[in-house]
Amino acid sequence: MMVFTKAPVLTTGIAAFTCLLATLSVTSLPADLEKGRRRVVHVLEDETGAVIVQTAPGKVVSHRGGSITLPCRFHHEPENSDPDHVRIKWTKVTDALQFVDVFVALGRQQRAFGGYLGRVSLEQAGPEDASVVIHNVTLDDYGRYECEVTNDMEDDTGFVNLDLEGVVFPYYTPVGRYKLNYQQAEEACRGQDAILASHSQLHKAWLEGLDWCNAGWLEDGSVQYPISHPRDECGRKDTPAGVRNYGYRHKEDERYDAFCFTSNLNGKVYFLKRFKKVNYAEAVKACLRDGSSVAKVGHLYAAWKLQLLDRCEAGWLEDGSIRYPIVNPRARCGGAQPGVRNLGFPDKKFRLYGVFCFRRNKVDADGRPTRLPALRNGSNDLPMNTTRSV
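Now for a description of the structure that goes with this document. If you're wondering where the values come from, they're calculated on a predicted model, not measured in any experiment.

Per the stated rule, a full pass over the model turns up 5 disulfides. Here Cys72 engages in a disulfide with Cys147; their sulfurs sit 2.3 Å apart. What sets the handedness of the Cys72 and Cys147 disulfide is the S-S torsion sign, and at about -80 degrees it is left-handed. Placement of Cys72 in the loop between β6 (68-70) and β7 (74-76) and of Cys147 in strand β13 (residues 143-150) is noted, with a sequence separation of 75 residues between them. For the pair Cys72 and Cys147, one class covers both residues: buried. With its disulfide-bonded cysteines labelled consecutively along the sequence, the chain is connected as 1-2, 3-6, 4-5, 7-10, 8-9.

And the structure:
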């Protein structure tokens, strides 16, 4: 018999667990890997040979560009089972219950699939360890994973959720609000260095203060919006605060805005100081001359949230919008709350503003990021040292 890590696991062996605390052993993690990971607890329940393996709390947390271990442990009965006959398979499970192959190992043979090629490997912390390490985590890695372990006789499965540190932001296009069907919302987020947010990501953003009166698509096909300060124009003032849910909508025919999610930047956003303000075309050229490109909306939100970028001056972004990030609110900078201020989509040819540029990190021969070169004197704003969430 073989049972391996599940997260979370519900079991009826509570009484046996209480009586046999002395048999409990804890697998500890190296100190440098503790962040975003939890202990794996092995509990011997009774004398029948059955083993319960429990992982808490069933979620690991990383960020884009980082490395993370998806934990999975298994136990053989009898102990002398041939490890070369054990197959370990990892798949990603989407909300539509589609299974995407991630990694498979049989003895010494290992293979990763699709976008996981070259990024996934077994942790190999011991003979009964089916954990895998994902390197250079991407936005698409977010989600639910299934670990399946099979030997000659039996198989069993467990699940781990991979969460990402990041920021949720509402998005609509230059043509106006409520113009996006589901596919267009996906494309709009992708175009701004983001993905459609999940319900849990939007709910977390609401808990941190996100208040937005327009409904938007989420990655599961539902349409929702977060209200922290109820008011009549946003679904009545006397209704409680929360994430309002329109349910699952027709993905092709119905149109809304989008809620996007992005994570850690592989680069630096900065406001390019110039002697005069520029139109959109001039802004693009200015960033190119500085060795950068015009920042996307997702770049600016990530820089505000994760790099504490604070700039009380509006600038062009890649989609033609004008925005600026405020970490420390002050009266002359658009209100009492921190956030990314949005001045809309002005005429690209005749309206003049500053510009936010994005300079991507360089990588060495091994694909590792190197230190950013110094920006031109005066071109890089120093971020403020405090922040509040959206």
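Strand order in the open sheet formed by 6 strands is β5-β14-β13-β8-β9-β10, and the pairing between neighbours is mixed. The two strands at the open ends of the sheet, each matched to only one other strand, are β5 (59-62) and β10 (109-112). Here the strands of the sheet are splayed against their neighbours by 25 degrees on average, with no regard to which way each runs. Bridge count between strand β9 (residues 99-106) and β10: 4 bridges; the pairing is antiparallel. Looking at β10, one finds that Phe103 is bridged to Ala112.

On inspection of all chains with the given rule, the structure shows 17 salt bridges. Among the salt bridges present, the one from Arg64 reaches Asp193, with a minimum N-O distance of 2.8 Å. A residue pair is termed long-range when its members are at least 10 positions apart, and Arg64 in the loop between β5 and β6 and Asp193 in the loop between α2 (182-191) and β16 (195-196) qualify at 129 residues. Accessibility assignment for this pair places Arg64 and Asp193 in one class, buried. Taking the shortest distance from any N to any O, the salt bridge between Lys89 and Asp101 comes out at 3.6 Å. Of this pair, Lys89 sits in strand β8 (residues 87-93) while Asp101 is found in strand β9, placing the two residues 12 residues apart along the sequence. Under the relative-accessibility criterion, Lys89 is labelled partly exposed at 24%.

Parameters at a glance
Throughout, a residue's number is its position along its own chain's written sequence, starting from 1. The model is predicted, so local features are restricted to residues of pLDDT at least 70 and side-chain atom pairs to those at 80 or more, both for listing and for counting; the totals for chains, interfaces and linings are taken over all residues. For the side-chain quantities, the full set of heavy atoms in the structure was used; hydrogens and water were omitted. The definition used for a disulfide is geometric: two cysteine sulfur atoms within 2.5 Å. Numbering goes from the N terminus for both helices and strands, where a helix is a DSSP run of H or I of at least four residues and a strand is a run of E of at least two. A simple rule labels every residue: compare its accessible area, found with a 1.4 Å probe on the protein chains alone, to the largest value its type can have, and call it buried under 20%, exposed over 50%, or partly exposed in between. Whether two strands pair comes down to DSSP finding at least two bridges between them. Axis definition: a line fit to C-alpha positions, over the contact stretch in the case of helices; interaxial angles, taken between N-to-C directions, run 0 to 180 degrees. Note on definitions: salt bridges are taken to be side-chain nitrogens of Lys or Arg within 4 Å of carboxyl oxygens of Asp or Glu.

All quantities given are derived from atomic positions and should not be read as evidence of function.
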